[in-house]
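Given next are the chains, with one letter for each unit.
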Amino acid sequence: MDQASVTRRYRFAAAHRLHSECLSDEENWKVFGKCNNPHGHGHNYVVLVTVKGTIDPQTGRATDVEGLDRIVTEAVVARFDHQDLNHDPEFSNRTTTGENLVQFIWDLLVKKIPAGQLVKVGLIETRDNSFEYSGPLS
Ligand code: NI
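Not measured: the values here are computed from a predicted model.

What counts and how
- Residues numbered from 1 in each chain as written.
- Predicted model: local features only at pLDDT ≥ 70, side-chain atom pairs only at ≥ 80, totals over all residues.
- Heavy atoms only, no water.
- Helix = DSSP H or I, 4+ residues; strand = E, 2+ residues; numbered from the N terminus.
- Expected span 1.5 Å × (residues − 1).
- Bend = angle between axes of the 7 residues up to and from the residue.
- Buried < 20%, exposed > 50% of the residue type's maximum accessible area, 1.4 Å probe, protein only.
- Contact = heavy atoms within 4.5 Å.
- Polar contact = N/O pair within 3.5 Å; in protein donor to acceptor, adjacent residues only side chain to side chain.
- Pairing = 2+ DSSP bridges.
- Donors = N, O, S within 2.8 Å, 3.2 Å for Na, K, Ca; no water.
- 1 Å grid on protein atoms, 1.4 Å probe; cavity = no way out; pocket = protein on both sides within 12 Å on 5 of 7 lines; lining within 4 Å.
- Points joined across faces, edges and corners; volume = space filled by probe spheres on them.
- Nonpolar A, V, L, I, M, F, W, Y, C, P; charged D, E, K, R; others polar.
- Phe/Tyr/Trp six-rings, centres within 6.5 Å; stacked < 30°, edge-to-face > 60°.
- Axes fitted to C-alpha atoms, helices over the stretch in contact; angles between N-to-C directions.

1. What to know about helix α2 (residues 65-80)
- With 16 residues, α2 should cover 22 Å at 1.5 Å per step; its first-to-last C-alpha distance of 21 Å lies within 8% of that length.
- Bending of α2 peaks at approximately 40° at the position of threonine 73.
- Buried residues of α2: Val65, Gly67, Leu68, Asp69, Ile71, Val72, Ala75, Val76, Val77 and Phe80, and no others.
- Those residues of α2 hidden inside the fold are in contact with β1 (3-16), β2 (41-54), β3 (83-84) and α3 (98-110).
- Where α2 begins, the capping side chain belongs to aspartate 64, and its oxygen is found 3.4 Å from the backbone nitrogen of glutamate 66.
- After α2 finishes, the residue histidine 82 shows a positive phi value of roughly 60°.

2. Here we look at the pairing of strand β5 (residues 130-133)
- Residues Phe131 and Tyr133 of β5 are buried on one face, while the alternating residues Ser130 and Glu132, pointing to the opposite face, are not.
- Both strand β4 (residues 118-124) and β5 contribute to a ladder of four bridges, which runs antiparallel. Bridge pairing links glycine 122 to glutamate 132 in β5.
- Here β4 hands over to β5 after five residues, the two strands then running antiparallel side by side.

3. Overview of the coordination of the nickel ion
- Protein-derived ligands of the nickel ion are His16 (NE2), His41 (NE2) and His43 (NE2), with the metal-ligand distances lying across 2.0 to 2.1 Å.
- In the primary sequence, the donor residues of the nickel ion line up as H-x24-H-x1-H. With histidine 16 in strand β1 and histidine 43 in strand β2, the pair connects residues that are 27 residues apart, well separated along the chain. Here histidine 16 and histidine 43 have matching classes, each one buried.

4. Examining unusual backbone geometry
- Backbone geometry at histidine 82 places phi at a positive 60°, although glycine is not the residue there.
- Tracing the backbone shows histidine 82 in the loop between α2 and β3.

5. Focus: the layout of surface pockets
- Taken as a whole, the largest pocket encloses approximately 200 Å³ of empty space.
- Looking at the largest pocket, the residues that line it are Arg17, His19, Ser20, Glu21, Cys22, Asn86, Phe91, Ser92, Asn93, Arg94, Thr95 and Thr96.
- Considered class by class, the residues forming the lining of the largest pocket number two nonpolar, seven polar and three charged.

6. Brief notes about the packing of aromatic side chains
- Going through the model one piece at a time under the given rule, you end up with five aromatic pairs.
- Ring centres 5.4 Å apart and planes at 40° place the aromatic pair phenylalanine 12 and phenylalanine 80 in the tilted group. Remark: phenylalanine 80 occurs in helix α2 and phenylalanine 12 occurs in strand β1; sequence separation between them is 68 residues.
- One aromatic cluster is present, formed by Phe12, Tyr45, Phe80, Phe91 and Phe104 through successive ring pairs.

7. Section: the sheet that holds β5
- Read across the open sheet, the five strands follow the order β3-β1-β2-β4-β5; overall the sheet is mixed. What marks the edges here is a single partner per strand, and that holds for β3 and β5.
- In the sheet, β1 pairs with β3 via two bridges, with the strands oriented parallel. Bridged to alanine 14 within β3 is glutamine 83.
- In the packing of α2 onto the sheet, the strands contacted are β1, β2 and β3, and the crossing angle to β1 comes to about 20°.
- The sheet strands contacting α3 are β1, β2, β4 and β5, and the helix crosses β4 at an angle near 145°.

Laid out in structure tokens, this is it:
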């Protein structure tokens, strides 16, 4: 089987504040630094979604890009764009770190993308910070 993976790039802008209810104010500041600022701050997040498929000999394509765009736009971009991530129910008791966010985006997408096609989700938060998740270890 001739398989190829395809990565699409999506964007959303969102605000957040890194703060854990499990930690004291001092500990929060120590762990999260200025990202713990009570007034929050924003990022222009980039989401990289990698799917794999068999290359169709007639079209030369390995995936339904339009279908993928629809799924990611509805499940991820529409949910987070111009929102405060700390107000999302998913993050009522989890911090809005890149690690938690990339894992949650995976969970949202893996339910909607045809089984076995999702390979990896990447999340770029800042110039210097990016995160990747490729599913639970089995
Ligand atoms: Ni931040």
